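Residue-level structural notes
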Amino acid sequence: MSVLIFIDQSEGHLKKASFEAAAYGAAVAKQMNTNALALVLGNVADGLTQLGNYGISKVYQIQKDIFNHVDAQVFATVITNVVKQVDASIVIFSHTQTGKAVAPGVAVQLKAGLVTGACALPQNDNGFVVKKTVFSGKAFALVNITSPIKVITLNPNSFGIQMITENATVEALEVTVPNATIQVVATNKVSGEVPLSEADIVVSGGRGLKGPENWGMIEDLAHVLHAATACSRPVADAHWRPHHEHVGQTGVQIAPNLYIAIGISGAIQHLAGVNRSKTIVVINKDPEAPFFKAADYGIVGDAFEVVPKLTAAIKEMQSK
Amino acid sequence: MKILVCISKTPDTTSKIAFKNNNAQFEDAGVQWIINPYDEWYTLVKAIELKEKDPSVILHLITVGGADCDAIIRKALALGGDEAIRVDTESDDSYVIASQIAAVAKEGNYDLIFTGKETIDYNGSAIGGMLAAKLQVPYLSLATQFELNGSEAKVTREIEGGEEVDAVTLPAVISCQKGMAEQRIPNMRGIMAARTKPLKVVPPVAIEALTHIVAYELPPAKAGVKLVPADDVATLVKLLHEEAKVI
Ligand SMILES: Cc1cc2nc3c(=O)[nH]c(=O)nc-3n(C[C@H](O)[C@H](O)[C@H](O)COP(=O)(O)OP(=O)(O)OC[C@H]3O[C@@H](n4cnc5c(N)ncnc54)[C@H](O)[C@@H]3O)c2cc1C
């Protein structure tokens, strides 16, 4: 019996959400008095021993070129085989694009109960109960997993990491890998920018900004904060901004430490995508805008005046 | 070409989220039910577009649920599709739901199975991947574009930090999201036609649930907003730095 944490990598680098999954999995292992093992698929050169800092005792690595792209069926089969080989009873993923693609297949192959979007450690006093977000962050469900093997995907930015100073051992695994089921024709990675789903800070603009030509000040503010940019649905629908920036119930759901909403009214469907943010700042010229009810801090004022001043004030603070 | 589109019913996006029976059940009194937006806007409409391009395409819709789903499935049929199948059982376990759909899908020999990327109530993102594993066919998640070429498909999908274009030989399961298609409003002719389209109710296969929802919780209420005057952004910066500790 052990806990196996799938560690996602992209072009040889470990993903931020994976460290969080590692720490979560290690905490689950501790609850159960067992070991936290990690699995890395693909060619990652550095940093694997550092997974020990997050409570992982051993990292299994399978280096094959086929893992350069996530083929859901191939990943699911390989991970399933490793789970059996190392006798894991709990399998943890991050609830990211990769986790969403692969975890359901692993659950089926192991006939394991699956909880996606977990946001807290399991409660073991009465079954094995995992808390997950439902209704797009407007509520939580407590889900009891009754199967012997359990699969969990963890919402990014929902578990507090405590680092320790330990090194993990790394061991290469040999397994047979099934044939690819898809053929990758092209990849298009957004480079340079901070990806929205990984950003600690998100600066977001709505219809109040009047037009795409006014996004310069949003980008300036995002730049000084090393933040990602996002937008409301009508803004993406009008092609002022690309679709992948659309947050909300029908777009991307995010949970950054800081979400700054500028010229966004705060419709319930928008809030559903951002209400798990730790701190929300709203800048809106209408004091009655519903977003203020969901905000921690607010400024009632004209974005065109407030935002450049805010950027300047942050720069000033940073220079001190 | 046979396509199966998975349809789920969800509360309207503006529904008040509350619970009853000691927080064990969703309070559905007064709730408007809709087709899960991902299933409707991006998934069903894409399948309808494929059928419009090639009228020989056979398009079936499937839902798993009680008789209270019939209104939703008729609404979906008003947008398009040849017939609908309802598997007559209820479950809050994605493994059970996926197993029911897989049983029908196996029988029907579909070339393509479309699901929405998730439902807006349970937020599971699990059915597509589970179906693919059950049927042992490729799974392409979070698709934003889809092109069909005989028995091959080209799928653009969201991956970590960008997108990927994949080629796949059918059969396959695809989960769909924004970009696949645009929302449509059903017209009168569609609504009339939907009344006479077949809606087959089939009994479930025996599957044991692997998970059970034991209770729901609402998040704690926010403490209330701290307003800062518009001409004093320095105070906001100070609060974010010293109090919230986020910058
Ligand atoms: C089923 C469904 C799903 C939906 N999904 C989503 C979703 O995922 N995401 C989403 O965002 N929306 C979604 N919507 C749409 C949502 O209901 C709102 O219409 C949308 O969020 C409004 O966008 P907005 O706040 O940018 O624009 P508006 O509501 O027009 O608000 C603009 C705001 O800007 C303020 N403003 C104007 N000028 C200034 C200025 N100079 N300075 C400061 N403030 C100013 C105004 O006071 C106003 O509050 C959905 C709707 C439905 C029905």
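Residues numbered from 1 in each chain as written. Chains lettered and ligands numbered in written order. Predicted model: local features only at pLDDT ≥ 70, side-chain atom pairs only at ≥ 80, totals over all residues. Heavy atoms only, no water.

**Quick look at the interface of chain A and chain B**
Often, the extent of an interface is quoted as the loss of accessible area upon association of its parts. Each partner contributes to the interface: chain A provides 84 residues, whereas chain B provides 77 residues. At the boundary of chain A with chain B, total buried surface from both sides reaches about 6,900 Å², with 60% on carbon and sulfur atoms. Here chain A and chain B share three salt bridges between them. Measuring nitrogen to oxygen at the nearest pair gives 2.9 Å for the salt bridge that ties E217(B) to K131(A). Here the side of chain A that touches chain B takes eight residues from helix α3 (residues 97-110) of chain A, the largest share from any one element. The pairing of strand β12 (residues 183-189) of chain A with strand β11 (residues 162-169) of chain B spans six bridges and is antiparallel. Each residue of the ladder has a partner; that of N188(A), found in β11(B), is E163(B). (Contact = heavy atoms within 4.5 Å. Buried area = accessible area lost by both parts, 1.4 Å probe. Salt bridge = Lys/Arg side-chain N within 4 Å of Asp/Glu carboxyl O. Helix = DSSP H or I, 4+ residues; strand = E, 2+ residues; numbered from the N terminus. Pairing = 2+ DSSP bridges.)

**Quick look at the nonpolar core**
Of all hydrophobic cores here, the largest spans 58 residues; its most connected members are L41(A), I62(A), I79(A), F93(A), V102(A), V151(A) and I113(B). The element contributing the most residues to this core is helix α2 (residues 72-86) of chain A, with nine residues. Here F93(A) is in contact with F6(A), A21(A), I79(A), G99(A), V102(A), A103(A), V106(A), V151(A), I152(A), T153(A) and L154(A), once residues within four sequence places are set aside. In terms of nonpolar packing, the next biggest core, distinct from the first, is built from 43 residues, V3(A), I90(A), I17(B) and V31(B) among them. (Core = buried A, V, L, I, M, F, W, Y, C linked by side-chain atoms within 4.5 Å. Buried < 20%, exposed > 50% of the residue type's maximum accessible area, 1.4 Å probe, protein only.)

**Let's talk about helix α4 (residues 127-135) of chain B**
For α4(B), the tally of buried residues reaches seven of nine residues, placing the bulk of the element in the interior. Within the sequence span of α4(B), burial applies to G128(B), G129(B), M130(B), L131(B), A132(B), A133(B) and L135(B).

**Quick look at the sheet that holds strand β9 (residues 139-149) of chain B**
Overall, mixed pairing links the 10 strands, which are arranged β12(A)-β11(B)-β10(B)-β9(B)-β12(B)-β8(B)-β1(B)-β6(B)-β7(B)-β13(B) in an open sheet. One side of each edge strand has no neighbouring strand; the edge strands of this open sheet are β12 of chain A together with β13 (199-202) of chain B. For this sheet, the mean angle separating the axes of adjacent strands, direction not counted, is 30°. This element, helix α1 (residues 37-53) of chain B, spans β1 (2-6), β6 (58-64), β8 (112-116), β9 and β12 (172-176) of chain B of the sheet and lies at about 155° to β8(B). (Axes fitted to C-alpha atoms, helices over the stretch in contact; angles between N-to-C directions.)

**Observations concerning the site of the ligand**
All names here are of chain A. Neighbouring the ligand are 28 residues; R207, S232, S265, Q269 and H270 lie closest to it. At a separation of 3.4 Å, a nitrogen atom of the ligand approaches a polar backbone atom of G208. One nitrogen or oxygen atom from the main chain of A303 is found 2.8 Å from a nitrogen atom belonging to the ligand. When isolated, the ligand has an accessible area of 980 Å², and the protein chains bury 81% of it. Of all the secondary-structure elements, those providing two or more residues to the shell around the ligand are α5 (233-237), α6 (268-274) and α7 (303-319). (Near = heavy atom within 4 Å. Polar contact = N/O pair within 3.5 Å; in protein donor to acceptor, adjacent residues only side chain to side chain. Areas by Shrake-Rupley, 256 points an atom, 1.4 Å probe, with all protein chains shown as cover.)

**Focus on the environment of A227(A)**
Residue and element names in this part refer to chain A. Note on placement: A227 falls in the loop between α4 (216-224) and β14 (228-231). Counting along the chain gives 31 residues from A227 to L196, while the straight-line C-alpha distance between them is 8.5 Å. Not counting residues within four places of it along the chain, the set of residues in contact with A227 comprises V194, I201, V202, V203 and A222.

**Comments concerning the pairing of strand β1 (residues 3-7) of chain A**
Residue and element names in this part refer to chain A. Counting buried positions over the five residues of β1 gives five, a clear majority of the element. Of the two faces of β1, the one carrying V3, I5 and I7 and the one carrying L4 and F6 are both buried. By the bridge criterion, three bridges tie β1 to strand β6 (residues 90-94) in an arrangement that is parallel. Note that in β6 the partner of I5 across the bridge is I92. Summarising the sheet, β1 and strand β4 (residues 36-41) pair through five bridges and their orientation is parallel. Bridge pairing links L4 to L37 in β4.

**Brief notes about the packing of α7(A) against helix α6 (residues 233-243) of chain B**
Taken N-terminus to C-terminus, the directions of α7(A) and α6(B) make an angle of 55°; their axes are 9 Å apart at the nearest point. In terms of axis orientation, α7(A) runs oblique to α6(B). The interaxial crossing formed by α7(A) with α6(B) has right-handed handedness. Where α7(A) abuts α6(B), its residues V306(A), K309(A), L310(A), A313(A), I314(A) and M317(A) lie against V233(B), L236(B), V237(B) and H241(B). Residue composition of the contact of α7(A) with α6(B), grouped by class: eight nonpolar, one polar and one charged. (Parallel < 35°, antiparallel > 145°, perpendicular 65-115°, else oblique. Left-handed = near helix turned anticlockwise from the far one by under 90°. Nonpolar A, V, L, I, M, F, W, Y, C, P; charged D, E, K, R; others polar.)

**Regarding the domain arrangement of chain A**
Residues and elements named next belong to chain A. As far as domains go, chain A holds domain 1 (3-172) and domain 2 (196-319). Domain 1 and domain 2 are separated by 31 Å when their C-alpha centres are compared. If you look at the interface, domain 1 gives 10 residues, while domain 2 gives 12 residues. Regarding the contact of domain 1 and domain 2, the summed buried area is about 940 Å², with carbon and sulfur atoms giving 34% of it. When the buried area of domain 1 at its contact with domain 2 is split by residue, K16, S136 and N157 rank highest and sum to 53% of it. (Domains from an automatic or database assignment.)

**Quick look at the packing of aromatic side chains**
Residues and elements named next belong to chain A. Summed over all chains, the structure comprises 15 aromatic pairs over all chains. Centroid distance F6 to F75: 6.2 Å. Interplanar angle 75°. Geometry classified as edge-to-face. Separated by 69 residues along the polypeptide, F6 in strand β1 and F75 in helix α2 bring together distant segments of the chain. Summarising the burial analysis for this pair, F6 and F75 share the class buried. Centroid distance Y24 to F159: 5.3 Å. Interplanar angle 90°. Geometry classified as edge-to-face. (Phe/Tyr/Trp six-rings, centres within 6.5 Å; stacked < 30°, edge-to-face > 60°.)

**Describing the pattern of salt bridges**
Scanning the model with the defined rule gives 21 salt bridges over all chains in all. For the salt bridge of E49(B) with K46(B), the shortest nitrogen-to-oxygen distance reads 3.5 Å. Taken together, the positions of E49(B) and K46(B), both in helix α1 and three residues apart, correspond to about one turn of that helix. The residue K226(B) makes a salt bridge to E243(B) at a minimum N-O spacing of 2.6 Å. Highlighted residues: K226(B) in strand β15 (residues 226-227) and E243(B) in helix α6, separated in sequence by 17 residues. Shared partners join several salt bridges into a network, and the residues in it are E219(A), R241(A) and E245(A).

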